[in-house]
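Topology and contacts: notes
The primary structure of each chain is shown beneath.
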Amino acid sequence: MAEERTFIAIKPDGVQRGLIGDIIKRFEQKGFKLVGMKFTQASEELLKEHYIDLKARPFYEGLCKYMHSGPVCAMVWEGLNVVKTGRVMLGETNPADSKPGTIRGDFCIQVGRNICHGSDSVDSANKEIALWFKPEELVSWKSCAGSWIYE
């Protein structure tokens, strides 16, 4: 099985609302493996680079400012189809369009406070992981539950 990785960040609203544990629990219960995590106050420079693809959008500056307003929990998760499945678990970007049972469907109301960022492709996941983590900050390990999750 090819090990795919994704970048998930719990935004300042999720941190302030005490949802870190609930979000981690959902990814663990799904069967994904946590290989990197840091609790950090992201610099404006990091955030501007992270959201560079949105630079032309009218909300770009406000998004970067908001993401800099408090700590975030940055994580790297590993597993089969983790990018696509992670996005499904998060729900739609706009919480009003998210189904119950998704993170945004259960915990959010407005798009500007949608709790999490999740990579939208394997390529963007690789870029985001490299932006937020040094290689030595990621841990490769074998879960004893692996054979109970994967055939």
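Residues numbered from 1 in each chain as written. Predicted model: local features only at pLDDT ≥ 70, side-chain atom pairs only at ≥ 80, totals over all residues. Heavy atoms only, no water.

Let's talk about the overall build of the protein chain
Applied cut-off: Strands are runs of DSSP state E lasting at least 2 residues, helices are runs of H or I lasting at least 4, and numbering of each runs from the N terminus. Based on C-alpha atoms, the radius of gyration is set beside the globule rule, defined as 2.2 Å times the residue count to the power 0.38. Exposure is judged per residue with a 1.4 Å probe applied to protein chains only, and the accessible area is read against the type maximum: over 50% gives exposed, under 20% gives buried, and values in between give partly exposed.
For the protein chain, the helix and strand inventory stands at 8 helices and 4 strands. Put simply, the protein chain runs from its N terminus to its C terminus through helices and strands in the order β-α-α-β-α-α-β-α-α-β-α-α. The C-alpha atoms of the protein chain give 15 Å as radius of gyration, which agrees with the globular expectation for 151 residues (15 Å, within 12%). Taking the principal axes of its C-alpha atoms as reference, the protein chain extends roughly 45 × 35 × 25 Å. The proportion of buried residues among the 151 residues of the protein chain is 44%.

Structural notes on the nonpolar core
This is how it is decided: The set of buried Ala, Val, Leu, Ile, Met, Phe, Trp, Tyr and Cys residues whose side-chain atoms join them within 4.5 Å is what this entry labels a nonpolar core. What makes two residues a contact is simply this: any of their non-hydrogen atoms within 4.5 Å.
Core analysis: the biggest nonpolar cluster contains 20 residues, and Phe7, Tyr51, Met67, Val76, Trp132 and Phe133 have the highest contact counts within it. Secondary-structure elements contributing two or more residues to this core are β1 (4–10), α3 (44–50), α4 (60–67), β3 (72–79) and α7 (122–132). Sorting elements by how many residues they give to this core places α4 first, with 5 residues. When neighbours within four sequence positions are excluded, Val76 is seen to be in contact with Arg5, Thr6, Lys33, Leu34, Val35, Gly36, Ile129, Phe133 and Leu138. One finds Ile8, Val15, Ile23 and Val82 within the second-largest nonpolar core, a separate group that totals 18 residues.

Concerning helix α2 (residues 20–30)
Applicable threshold: Here the arc refers to the set of directions running from the helix axis out to each C-beta atom.
Residues of α2 that are buried: Ile23, Ile24 and Phe27. The arc enclosing the buried residues of α2, seen along the axis, measures out at 95°, which places them on a common side. Taken together, the buried residues of α2 touch β1, β2 (33–40), β3, α5 (82–90), α6 (103–107) and β4 (116–118). Directly after α2, the chain includes Gly31, whose backbone phi takes a positive value near 115°.

As for the packing of aromatic side chains
The criterion, for reference: In this analysis, rings of Phe, Tyr and Trp, with Trp reduced to its six-membered ring, are considered paired at centre separations within 6.5 Å, and the interplanar angle assigns stacked below 30 degrees, edge-to-face beyond 60, and tilted for intermediate values. Cation placement over rings: the criterion is NZ of Lys or CZ of Arg within 6 Å of the ring centroid and within 35° of the ring normal.
Applying the stated criterion across every chain, the model contains 3 aromatic pairs. Considering the side-chain rings of Phe27 and Phe32, the 6.4 Å spacing of their centres and the 40° angle between planes classify their relative orientation as tilted. Summarising the burial analysis for this pair, Phe27 and Phe32 share the class buried. Centre to centre, the rings of Phe27 and Trp77 are 5.3 Å apart; their planes meet at 25°, and the pair counts as stacked. Here the residue Phe27 occupies a position in helix α2, and Trp77 occupies one in strand β3, the gap between them amounting to 50 residues. Across the pair, Trp77 and Phe27 agree in class, each one buried. Here the aromatic cluster, defined as three or more aromatic residues joined through ring pairs, consists of Phe27, Phe32 and Trp77. Sitting above the plane of the Trp141 ring, Lys33 keeps its charged end 5.4 Å from the centroid. Arg113 extends its terminal NZ or CZ atom over the ring of Tyr66, reaching a point 3.9 Å from the ring centre.

Describing the environment of Trp141
Put simply, the rule reads: As used in this structure description, the phrase polar contact means that two N or O atoms lie within 3.5 Å; if the pair is within protein, one of them must be able to donate a hydrogen and the other to accept it, and residues adjacent in sequence are counted only when both atoms belong to side chains.
In this structure, Trp141 sits in the loop between α7 and α8 (146–149). With 107 residues separating them in the primary sequence, Trp141 and Leu34 have C-alpha atoms 9.4 Å apart. If we ignore the near neighbours within four places in the chain, the residues touching Trp141 are Lys33, Leu34 and Val35. There is a polar contact of 3.0 Å between the side chain of Trp141 and the backbone oxygen of Leu34.

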